[in-house]
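Summary of structural features
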Amino acid sequence: RQAITVPKLQTMRDAGEKIAMLTCYDASFASLLDRAGVDVLLIGDSLGNVLQGQTTTLPVSLDDIAYHTACVARAQPRALIAADLPFGTYGTPAEAFASSVKLMRAGAQMVKLEGGEWLADTVRFLVERSVPVCAHVGLTPQSVHAFGGFKVQGKTEAGANQLMRDALAMQNAGAQMVLMEAVPTLVATDVTKQLRVPTIGIGAGLECSGQVLVLHDMLGIFPGKRPRFVKDFMQGQPSIFAAVEAYVRAVKDGSFPGPEHTF
Ligand code: KIV
Ligand code: NA
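Residues numbered from 1 in each chain as written. Chains lettered and ligands numbered in written order. Predicted model: local features only at pLDDT ≥ 70, side-chain atom pairs only at ≥ 80, totals over all residues.

If you look the chain up in an unreviewed UniProt entry, it shows as 3-methyl-2-oxobutanoate hydroxymethyltransferase from Trinickia terrae. Reading the Pathway (unreviewed entry) entry of the UniProt record for the chain gives the comment "Cofactor biosynthesis; (R)-pantothenate biosynthesis; (R)-pantoate from 3-methyl-2-oxobutanoate: step 1/2." Taken from UniProt, the Sequence similarities (unreviewed entry) comment for the chain reads in full: "Belongs to the PanB family." (UniProt positions renumbered as here; feature names shortened; annotations may be inferred.)

**A short note on the UniProt feature "binding site: Mg(2+)" (unreviewed entry) in the chain**
Those places that UniProt annotates as "binding site: Mg(2+)" (unreviewed entry) correspond, in this numbering, to Asp45, Asp84 and Glu114. The greatest C-alpha distance among the residues just named is 11.0 Å, despite their covering 70 residues of sequence, which places them together in space. Take Asp84: it is sitting in strand S3 (residues 80–84). For Asp84, a count of 31 C-beta atoms within 10 Å gives the class buried. Within the element layout of this structure, Glu114 appears in strand S4 (residues 110–114). What Glu114 contacts, discounting residues up to four positions off in sequence, is His136, Thr140, Gln142 and Ser143. (Helix = DSSP H or I, 4+ residues; strand = E, 2+ residues; numbered from the N terminus. Buried ≥ 20, exposed ≤ 12 C-beta atoms within 10 Å, placed from the backbone. Contact = placed C-beta atoms within 7 Å.)

**Considerations on the nonpolar core**
Among the nonpolar cores identified, the biggest contains 85 residues, and Cys24, Val38, Leu41 and Val178 are the most heavily contacted of them. Of the residues forming this core, the biggest block, six residues, is contributed by helix H11 (residues 240–252). Contact partners of Val178, with chain neighbours within four places excluded, come to Ala135, Val137, Ala167, Met170, Gln171, Leu195, Val197 and Thr199. (Core = buried A, V, L, I, M, F, W, Y, C linked by C-beta atoms within 7 Å.)

**Some remarks on unusual backbone geometry**
Omega for the bond connecting Phe256 with Pro257 falls within 30 degrees of zero, at 0°, which places this linkage in the cis form. Summarising the element assignment, Pro257 is placed in the segment after H11. Phi is positive for Ser130, close to 70°, though the residue is something other than glycine. The topology assignment puts Ser130 in the loop between helix H6 (120–128) and strand S5 (133–138). Here Ala182, not a glycine, exhibits a phi torsion of approximately 50°, which is positive. If you trace the backbone, Ala182 turns up in the loop between strand S6 (177–181) and helix H9 (185–194). Owing to 24 C-beta atoms within 10 Å, Ala182 belongs among the buried residues under this scheme.

**What to know about the UniProt feature "binding site: 3-methyl-2-oxobutanoate" (unreviewed entry) in the chain**
UniProt's entry tags Asp45, Ser46, Asp84 and Lys112 with the feature "binding site: 3-methyl-2-oxobutanoate" (unreviewed entry), counted in the numbering of this structure. These residues run over 68 residues, yet every pair of their C-alpha atoms falls within 12.4 Å of each other. When residues no more than four places from it in sequence are discounted, the contact partners of Ser46 are Thr23, Thr57 and Val214. Apart from the residues lying within four places of it in its own chain, the contact partners of Asp84 are Ile43, Gly44, Asp45, Ile65 and Lys112.

**Thoughts on the sheet that holds strand S7 (residues 199–202)**
Within the closed barrel, the eight strands sit side by side as S1-S2-S3-S4-S5-S6-S7-S8. Their pairing is parallel. Averaged over all pairs of adjacent strands, the angle between strand axes in this sheet comes to 25°, irrespective of strand direction. As paired strands, S4 and S5 are joined by four bridges and run parallel to one another. Directly across from Val111, in S5, lies its bridge partner Val133. Set on the sheet, H11 makes contact with strand S1 (19–23) and strand S8 (210–213); between it and S1 the angle comes to about 140°. (Pairing = 2+ DSSP bridges. Axes fitted to C-alpha atoms, helices over the stretch in contact; angles between N-to-C directions.)

**Considerations on H11**
With 13 residues, H11 ought to run about 18 Å at 1.5 Å a step, and its terminal C-alpha atoms sit 18 Å apart, in line with that. All of the buried residues along H11 are Ala243, Val244, Ala246, Tyr247, Val248 and Val251. Count one or two residues on from H11 and you reach Gly254, which has phi positive near 75°. (Expected span 1.5 Å × (residues − 1).)

Here it is in structure tokens:
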């Protein structure tokens, strides 16, 4: 099968083909997820929660993400490899670039950062220097202490307007993809219609250009609290491979997420 590239994600979005993304942190899962048809493998800072047992993503280091990115890259997947810039590693454009270089040298083809309007200069700085960027807006878990908890974002009219401004600012700064977490379906749908780049949803409704879940959540093996947007795809499946295939199918045919997974 053909390799998934950043331009290919745009082609998929333009053709109305849904993008199936999952988090992935090691070579064995990278190989399995790739064979099951996942388009994008994200080395998410959720590894702080699901691998390290932390209660937030804040303690995750750049070395942690680089290590797991290198593990995933050794599987040589056809899927695109995207990696999170952890908390505190993109405080200035120059720092963001140095951090991104480290992740790209480890095998990342795109970096993801959490931010909106205020991060536009940083995103432009990266994109101009050939670092493909996915911008994560809405519930940005690195902001947990600023938010006062993990809360749905964009619920008020002012919040919805801010989310739209953030998404547009990220696109206009050159971000090639925008990921929205835990925002009302109506707001995420509006953003997806306004943007020309692909949108990826997690708790953001069915109208996004693609979906993402944390691997350990969709396999039902994370012992912590399960957010509303999670579906356990192991239910009724004989193997992990079959569960991942079921996820890819459900994303591609629009049967996931259902109304019970959205806000
Ligand atoms: O770290 C992560 O897994 C993420 C996804 C939830 C989008 O950022
Ligand atoms: Na993340």
